[in-house]
Amino acid sequence: MTTIKLAPSILTADFGALADQIRAADDGGADIIHLDVMDGHFVPPITFGPIVVEMVRKVTKLPLDIHLMIEHPERQFEAFAEAGGDIINFHIEATAHADRLLRTIQAMNKRAGICINPATPLSAIENVLDVTDQVMVMMINPGWGGQKMLPSMLDKIRDLRSMLDVRGLKPDIEVDGGVKSNNAASCARAGANVLVCGSSVYNTDSSPRENLAALRVALASA
Ligand code: DX5
Ligand code: ZN
């Protein structure tokens, strides 16, 4: 049985108490911390840069999964790797030389991930799958937390899983956007093994620990 990893995204966390919020996810059983970097160009909002990653690095030993939603990731990835990112993910839509960038990230002894937007077909990443440590399938149009998962993306995960199986490749399949207790098991069954969970972990209804526990219970049925 595949172990499913949960990667809380801090996007909807309380940034006034960020260190505590990260500790709460860490103590509550998170496997990875997902950090959403937005530049106001690739996606409309602007979030944060490497100095925040550096701060997060001091608070937790969990792997830091950097999601670069930025234009020209080749100009910026190094700063995020040096700030303590463990997995550096960038969008196929944001660069013309994905293969080169993936290899450059790996040469820094970091895991290299490729992200794919809902409207981009899997054929766009087909030729880089063998140099990819993780494929991040966007289940929403990126930019904001708390959006509803696009159900058709489950078929995309299934297709990606078969594509990888046929080639005998084993990168992680991470899904990002709209993951909740009521669809986490479907994502896992479709073939994902890392689930980003933003507003389903950081919300005002319950604590990160309670929310992570609820997601684990939901996944038990996968
Ligand atoms: C959106 C980000 C996601 C987001 C997920 O552009 O990439 O990581 O924080 O948040 P939820 O889980 O609330 O959809
Ligand atoms: Zn993300």
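Just above, that's the structure.
These lines cover the structure that appears in this document, whether it is placed above or below. All values derive from a computational prediction rather than experimental measurement. (Residues numbered from 1 in each chain as written. Chains lettered and ligands numbered in written order. Predicted model: local features only at pLDDT ≥ 70, side-chain atom pairs only at ≥ 80, totals over all residues. Heavy atoms only, no water.)

Let's talk about the overall build of the protein chain
- When its secondary structure is counted, the protein chain shows 7 helices and 8 strands.
- Its C-alpha atoms give the protein chain a radius of gyration of 16 Å, within 12% of the compact-globule value 17 Å for 222 residues.
- A principal-axis box enclosing the C-alpha atoms of the protein chain has dimensions of 40 × 40 × 30 Å.
- A total of 222 residues make up the protein chain; the buried ones form 54% of that total.
- Pairs at least 24 residues apart make up 65% of the contacts formed inside the protein chain by residues separated by at least 6 positions.
- On the protein chain, roughly 9800 Å² of surface is accessible, and the fraction owed to carbon and sulfur atoms is 51%. (Helix = DSSP H or I, 4+ residues; strand = E, 2+ residues; numbered from the N terminus. Rg over C-alpha atoms; globule rule 2.2 N^0.38 Å. Buried < 20%, exposed > 50% of the residue type's maximum accessible area, 1.4 Å probe, protein only. Contact = heavy atoms within 4.5 Å. Areas by Shrake-Rupley, 256 points an atom, 1.4 Å probe, with all protein chains shown as cover.)

Here's the deal with the environment of Cys197
- Assignment of secondary structure puts Cys197 in strand E8 (residues 194-197).
- Sequence separation between Cys197 and Gly145 is 52 residues, and the spatial gap between their C-alpha atoms is 9.2 Å.
- Apart from residues lying up to four places away in sequence, Cys197 is in contact with Leu6, Ala7, Pro8, Ser9 and Leu215.

As for the coordination of the zinc ion (ligand 2)
- Protein-derived coordination of the zinc ion (ligand 2) comes from His34 (NE2), Asp36 (OD), His67 (ND1) and Asp176 (OD), at a distance range of 2.0 to 2.3 Å.
- Here the zinc ion (ligand 2) is ringed by 6 donor atoms whose angles at the metal span 72 to 169 degrees, and the overall shape comes out octahedral. (Donors = N, O, S within 2.8 Å, 3.2 Å for Na, K, Ca; no water. Tetrahedral: all angles 85-135°; square planar, octahedral: opposite > 155°, others 65-115°.)

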